[in-house]
Amino acid sequence: MGSASVVVPRNFRLLEELERGEKGIGDGTVSYGMDDGDDIFMRSWTGTIIGPLNSVHEGRIYQLKLVCDKDYPDKPPSVRFHSRINLTCVNPETGQVEGSRFPMLSSAGWHREYTMEHILTQLNKEMATPHNRKLLQPPEGTFFFNHNSATIHADN
């Protein structure tokens, strides 16, 4: 008989991701954690990416919202930038990372083994690609707001 793979239940998987996120990841350019520690469904997460060196993103800190629906990790989370950013895979009005332009989040490109860390790390790499690393960026301290094109400023 062939070996059967064990499918880790959603909540155990998210607990593993939470523990890894709390311990710190790799070189420190990406991090993530839960929005609300009392959310027993562990749906709402916040991610942070520090922009890569030698790009217009260098030194910038980007905040993201990740929502892991009941089908996660079988289906990808919804990923939306809170900080305004100009990337080819991000909807310029809403901040939503579009699966059609970021294959990792597409139905065909998503694999159950991927984690929020993988997504954030790949977005960081995307910032450094030739077609994104020199794109004119919105002013620092501006944010996407309520899934529309309104912005708020950090000093307000």
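Structure's up top.
A short tour of the structure in this document, coming up.

Reading the values: rules and limits
Residues numbered from 1 in each chain as written. Predicted model: local features only at pLDDT ≥ 70, side-chain atom pairs only at ≥ 80, totals over all residues. Heavy atoms only, no water. Core = buried A, V, L, I, M, F, W, Y, C linked by side-chain atoms within 4.5 Å. Buried < 20%, exposed > 50% of the residue type's maximum accessible area, 1.4 Å probe, protein only. Helix = DSSP H or I, 4+ residues; strand = E, 2+ residues; numbered from the N terminus. Contact = heavy atoms within 4.5 Å. Phe/Tyr/Trp six-rings, centres within 6.5 Å; stacked < 30°, edge-to-face > 60°. Salt bridge = Lys/Arg side-chain N within 4 Å of Asp/Glu carboxyl O. Expected span 1.5 Å × (residues − 1). Arc of directions from axis to C-beta. Pairing = 2+ DSSP bridges. Axes fitted to C-alpha atoms, helices over the stretch in contact; angles between N-to-C directions.

Regarding the nonpolar core
Then, in step 1: By size, the foremost hydrophobic cluster in this structure holds 31 residues, and its most contacted members are Trp 45, Ile 49, Phe 81, Val 97 and Leu 123.
Then, in step 2: Of all the elements in the fold, those that place two or more residues in this core are helix H1 (10–23), strand E1 (30–34), strand E2 (44–50), strand E3 (61–67), strand E4 (78–81) and helix H2 (116–127).
Then, in step 3: Residue contributions to this core peak at 5 residues, all from H2.
Then, in step 4: In contact with Phe 81, other than residues within four places in its own chain, are Ile 49, Tyr 62, Gln 63, Leu 64, Leu 87, Val 90, Thr 94, Gly 95, Val 97, Leu 123, Met 127 and Phe 144.

Quick notes on the packing of aromatic side chains
Then, in step 1: What the rule picks out here adds up to 4 aromatic pairs.
Then, in step 2: Measuring from centroid to centroid gives 6.2 Å for Tyr 62 and Phe 81, while their planes differ by 85°, and the two rings are edge-to-face. Taken as a pair, Tyr 62 in strand E3 and Phe 81 in strand E4 lie far apart in primary sequence, 19 residues in all. Taken individually, Tyr 62 and Phe 81 each receive the classification buried, so the pair is uniform in this respect.

Brief notes about the pattern of salt bridges
Then, in step 1: For the structure on display, the rule yields 9 salt bridges.
Then, in step 2: Put simply, Lys 75 and Asp 71 hold a salt bridge, and the shortest N to O gap is 4.0 Å.
Then, in step 3: Given the relative accessible area of 31%, Asp 71 is considered partly exposed.
Then, in step 4: Each of Lys 70, Asp 71 and Lys 75 takes part in salt bridges that share partners, so that together they form one network.

Some points on H1
Then, in step 1: For H1, built from 14 residues, the straight-helix expectation of 20 Å at 1.5 Å per residue is met to within 8% by its first-to-last C-alpha distance of 20 Å.
Then, in step 2: For H1, the complete set of buried residues consists of Arg 10, Arg 13, Leu 14, Glu 17, Leu 18 and Gly 21. Here the buried residues of H1 occupy an arc of 140° about the axis, which is enough to place them on one side. Turned more than 90 degrees off the buried face of H1, the exposed positions are Phe 12, Glu 22 and Lys 23.
Then, in step 3: At its buried positions, H1 is contacted by E1, E2 and H2.
Then, in step 4: Phi turns positive, to about 95°, at Gly 24, one or two residues after H1.

A look at the sheet that holds E3
Then, in step 1: Taking strand neighbours across the sheet as the criterion, the 4 strands line up as E1-E2-E3-E4 in an open arrangement whose pairing is antiparallel. Edge positions in the open sheet fall to E1 and E4, since each of these has one partner strand only. Between one strand axis and the next, the sheet turns through 25° on average, direction left out of account.
Then, in step 2: Two elements, E3 and E4, share 4 bridges in a ladder whose sense is antiparallel. Across the sheet, residue Leu 66 finds its bridge partner in E4, namely Val 79.

Details of unusual backbone geometry
Then, in step 1: Omega for the bond connecting Tyr 72 with Pro 73 falls within 30 degrees of zero, at 10°, which places this linkage in the cis form.
Then, in step 2: With respect to the element layout, Pro 73 can be found in the loop between E3 and E4.
Then, in step 3: In this model, Met 42 sits at a positive phi of 50°, which is unusual for a non-glycine residue.
Then, in step 4: Since its relative accessible area comes to 6%, Met 42 is described here as buried.
Then, in step 5: For Asn 54, which is not glycine, the phi dihedral falls at a positive 60°.
Then, in step 6: Relative to the elements of secondary structure, Asn 54 occurs in the loop between E2 and E3.
Then, in step 7: On the accessibility criterion, Asn 54 (64% relative accessible area) is exposed.

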